[in-house]
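# Working through the structure, step by step
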Amino acid sequence: MTGAMPRVDLGPDAVRDMGPFRPGPTGPRLFRLHLISRQAPGALAALVGCAVLLRVALHLRWIQGGGASAQQLLLLIECGAAAAVAVATRNPFGESERSTGFRLPLLRLGAALLLTGAAVGALVLGAVGARLPGGAPQVLRDVPGLTAVGLLTAAALGGALAWVGPLTYTVVAEFALLEDWHTPWMWPARPPHDLGAWVCAGLAFAAATAVASVRGDRAA
Amino acid sequence: MNIETIELTRRFGRTRAVDGVDLSTGPGVFGLLGPNGAGKTSLLRMLATVIPPSSGTMLLLDRDPSGHAPRREIRRRLGYLPQNLGYYPGFTVVEFVEYFALLREMPPGRVPGAVAAAVERVGLGDKAKAKLRTLSGGMLRRAGIAQAIVNEPELLLFDEPTAGLDPEQRVEFRSLIRELGQRATVVVSTHLVEDVGAACSQVALMHQGRIAFQGTPDELTARGVGHGVGDAPLERGYSAILAEARA
């Protein structure tokens, strides 16, 4: 440390020596650093893995027809994708980040929306050309709904344990599929055109993204 | 005054971690001493706007942090090094400090120069491009200090800043906070009375959530005259006041 020394006016050379960064638009650079700190690249790799698994399952006819049993493996894959998104809410910086300005809620919101969109997109792409039970609309409803459960779990238990919520919900939903429950809050068990299920999944996602934006994950 | 608290209280369940603290301080280095569990960290977390007080009044940089807009302004002008520094191991030192500069809403044009200056000031210039996962505990602590000072804050809060630093680095850190204290309010929470003696112009000693003593390091030393416990004069003052508070 050089606290005792007079302040050094660090010129462009000193800045250049410290690495490849220059003055530029704050938003994209900050968002990129935020995503990296949340291990978003790892989450994206996990989503690609889910898409490949879905593709393989469809190709090998592990997912076939439109019955409850056909939807069970699909639901597990959707659960995996939602868990990958939810775990990426983990804040590695703790209180030093929480004591900073008001860009943080926007960053959290942007990351949650981007990764949820990537999860839906990956699974829809993974099923292109094959017959998916419920089709793309069901993925578009179920994945954000499951992600909402994960985001709320992150707020309650912390990002590292955010996968617990989607997994628990999925276990109950698998049972609901077999038992043909009618409650719209078990949206994966409802047909893709069920308006109530769409409303419940949408409400859950809106509430969860609001909570995730304002509070983030629970501090360790 | 940069910090002004009246009857500031923070409860966790039935425990009063901070119990009616009155503080008032302007620019300079303010030492916060006390045994484990005295309430130093809880007080610092409230001053950092991380947790709200349960009751009492708090003004930081002449603003009330309970309001949205004042809190935003305070946070832009605040630096905070928590006791447990979190970090993303894949970041380089520069990325780590830059991330906090951007989060504290520094103008983009000033960020590269401010990051370079902060990294140099904590002596990590030669490690600027090193990943955090490769640094020692002392170096990580210095990276944490760099993120706290990058925005040239008017209010700086350090919780156990010298933990993990070797003696030479501690001497340099004291020089740094003396320099920072010339224009900012620097609050240093520590167990080490020698840090307080060397760097602080004002000191408060906390015991069971309350301020048991507030004054200058010389006044703290004077309270220890004739008291036998402790190797150094400041330690004798510290233990004398704690003995009084416990009695």
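Residues numbered from 1 in each chain as written. Chains lettered and ligands numbered in written order. Predicted model: local features only at pLDDT ≥ 70, side-chain atom pairs only at ≥ 80, totals over all residues. Heavy atoms only, no water.

We now examine the interface of chain B and chain A. Facing the 51 residues of chain B at the interface are 37 residues of chain A. Contact with chain A buries area across many residues of chain B, yet Tyr88, Tyr99 and Leu103 of chain B alone supply 16% of it, more than any other trio. For the pair chain B and chain A, the interface holds 2 salt bridges. Arg29 of chain A is the salt-bridge partner of Glu98 of chain B, the closest N and O atoms lying 2.7 Å from each other. Here chain B and chain A share 9 residue pairs in polar contact (both at pLDDT 80 or more) between them. Secondary-structure elements contributing two or more residues to the side of chain B that touches chain A are helix H2 (68–76), strand E5 (78–81), helix H3 (93–103), helix H4 (111–121), helix H5 (137–149) and helix H6 (167–180) of chain B. (Contact = heavy atoms within 4.5 Å. Buried area = accessible area lost by both parts, 1.4 Å probe. Salt bridge = Lys/Arg side-chain N within 4 Å of Asp/Glu carboxyl O. Polar contact = N/O pair within 3.5 Å; in protein donor to acceptor, adjacent residues only side chain to side chain. Helix = DSSP H or I, 4+ residues; strand = E, 2+ residues; numbered from the N terminus.)

Counting residues in hydrophobic clusters, the biggest one holds 60 residues, and the most contacted among them are Phe96, Val97, Tyr99, Ile149 and Phe158 of chain B. Counting residues per element, this core draws most heavily on H3 of chain B, at 9 residues. Here this core spans two domains, and each of domain 1 (3–77 + 155–246) and domain 2 (86–152) of chain B adds at least three residues to it. Apart from residues no more than four positions distant in its own chain, Phe96 of chain B is found in contact with Phe93 of chain A together with Leu85, Gly86, Tyr87, Phe91, Leu132, Ala143, Gly144 and Gln147 of chain B. (Core = buried A, V, L, I, M, F, W, Y, C linked by side-chain atoms within 4.5 Å. Buried < 20%, exposed > 50% of the residue type's maximum accessible area, 1.4 Å probe, protein only. Domains from an automatic or database assignment.)

It is worth spelling out helix H3 (residues 40–59) of chain A at this point. All names here are of chain A. Over its 20 residues, H3 runs 28 Å from end to end, which matches the ideal 28 Å to within 8%, given 1.5 Å per residue. Along H3, the positions that sit buried rather than exposed are Ala40, Ala43, Leu47, Cys50, Ala51, Leu54, Ala57 and Leu58. Seen from one end, H3 has its buried residues packed into an arc of 125°, which puts them on one side. Away from the buried face of H3 by more than 90 degrees, exposed residues Val48 and His59 are located. Two residues or fewer after H3 comes Arg61, characterised by a positive phi angle close to 60°. (Expected span 1.5 Å × (residues − 1). Arc of directions from axis to C-beta.)

We now examine the side chain of Glu160 of chain B. Residues and elements named next belong to chain B. By secondary structure assignment, the location of Glu160 is in the loop between strand E6 (155–159) and H6. No salt bridge is formed by the buried Glu160; its nearest oppositely charged neighbour, Lys40, is found at 4.8 Å. At 3.2 Å, the side chain of Glu160 forms a polar contact with the side chain of His191. Those residues within four positions of Glu160 in sequence are excluded, and the remaining contacts are Lys40, Gln83, Arg141, Ser189, Thr190 and His191. (Lys, Arg positive; Asp, Glu negative; His and termini not counted.)

Looking now at the sheet that holds strand E2 (residues 15–25) of chain B. All names here are of chain B. Here 3 strands make up an open sheet; going across it, the order is E2-E1-E4 and the pairing antiparallel. Strands at the two margins of the open sheet, each flanked by one partner only, are E2 and strand E4 (55–60). Each adjacent strand pair in this sheet contributes to an overall mean axis angle of 25°, direction not counted. Note: strand E1 (residues 3–12) against E4, 5 bridges, orientation antiparallel. Across the sheet, residue Thr9 finds its bridge partner in E4, namely Ser55. Against the sheet, helix H1 (residues 40–47) contacts E1, E2 and E4, and its axis sits at roughly 120° relative to E1. (Pairing = 2+ DSSP bridges. Axes fitted to C-alpha atoms, helices over the stretch in contact; angles between N-to-C directions.)

To continue, consider the packing of aromatic side chains. Residues and elements named next belong to chain B. For the structure shown, the criterion picks out 11 aromatic pairs over all chains. Measuring from centroid to centroid gives 5.3 Å for Phe96 and Phe100, while their planes differ by 75°, and the two rings are edge-to-face. In this pair, Phe96 and Phe100 both sit in helix H3, 4 residues apart, roughly one turn of the helix. Accessibility classification places Phe96 together with Phe100 in one group, the buried group. Between Tyr99 and Phe100, the ring centres sit 5.6 Å apart and the planes meet at 80°, which makes this aromatic pair edge-to-face. (Phe/Tyr/Trp six-rings, centres within 6.5 Å; stacked < 30°, edge-to-face > 60°.)

All names here are of chain B. The tally for this structure, following the rule as stated, stands at 18 salt bridges over all chains. Between Glu105 and Arg76 there is a salt bridge, and its shortest N-O distance comes to 3.9 Å. Within this pair, whereas Glu105 is found in the loop between H3 and H4, its partner Arg76 is found in helix H2, the two being separated by 29 residues in sequence. Among the charged side chains, a salt-bridge network with shared partners connects Arg72, Glu73, Arg76, Arg77, Glu105 and Glu154.

All names here are of chain B. Strand order in the open sheet formed by 6 strands is E5-E6-E7-E3-E8-E9, and the pairing between neighbours is mixed. Each end of this open sheet is capped by a strand with a single partner; those strands are E5 and strand E9 (210–215). Pairs of neighbouring strands in the sheet enclose a mean axial angle of 15°, with direction left out of account. Here strand E3 (residues 28–33) runs beside strand E8 (residues 202–207); their pairing, made up of 4 bridges, is parallel.

Glancing now at helix H9 (residues 233–246) of chain B. Residue and element names in this part refer to chain B. Taking 1.5 Å of rise per residue, the 14 residues of H9 would be expected to cover 20 Å, and the 20 Å separating its terminal C-alpha atoms lies within 8% of that figure. Looking only at H9, the buried set comprises Leu234, Gly237, Tyr238, Ser239, Ala240, Ile241 and Leu242. Of the surrounding elements, those touching the buried residues of H9 are E3, helix H7 (193–199), E8, E9 and helix H8 (217–223).

A few words on the pairing of E1 of chain B. Residue and element names in this part refer to chain B. Here E1 runs beside E2; their pairing, made up of 8 bridges, is antiparallel. Bridge pairing in E2 places Thr5 opposite Leu23. Hairpin connection between E1 and E2: a loop of 2 residues separates the two successive antiparallel strands, and Gly13 in this loop has a positive phi of roughly 65°.

Let us now look at the confidence of the model for chain A. Of the residues in chain A, 87% reach a pLDDT of 70 or more, and the chain-wide mean stands at 87. Low pLDDT (under 50) marks residues 2–16 of chain A, which in the prediction has 21 contacts with non-local residues, meaning those over four places away or in another chain. (pLDDT = per-residue confidence, 0-100.)

Turning to unusual backbone geometry, a few remarks are in order. Residues and elements named next belong to chain B. Unusually for a residue other than glycine, Asp62 sits at a positive phi of about 65°. Its location among the elements puts Asp62 in the loop between E4 and H2. Positive phi, normally seen in glycine, also occurs at Glu105, with a value near 65°.

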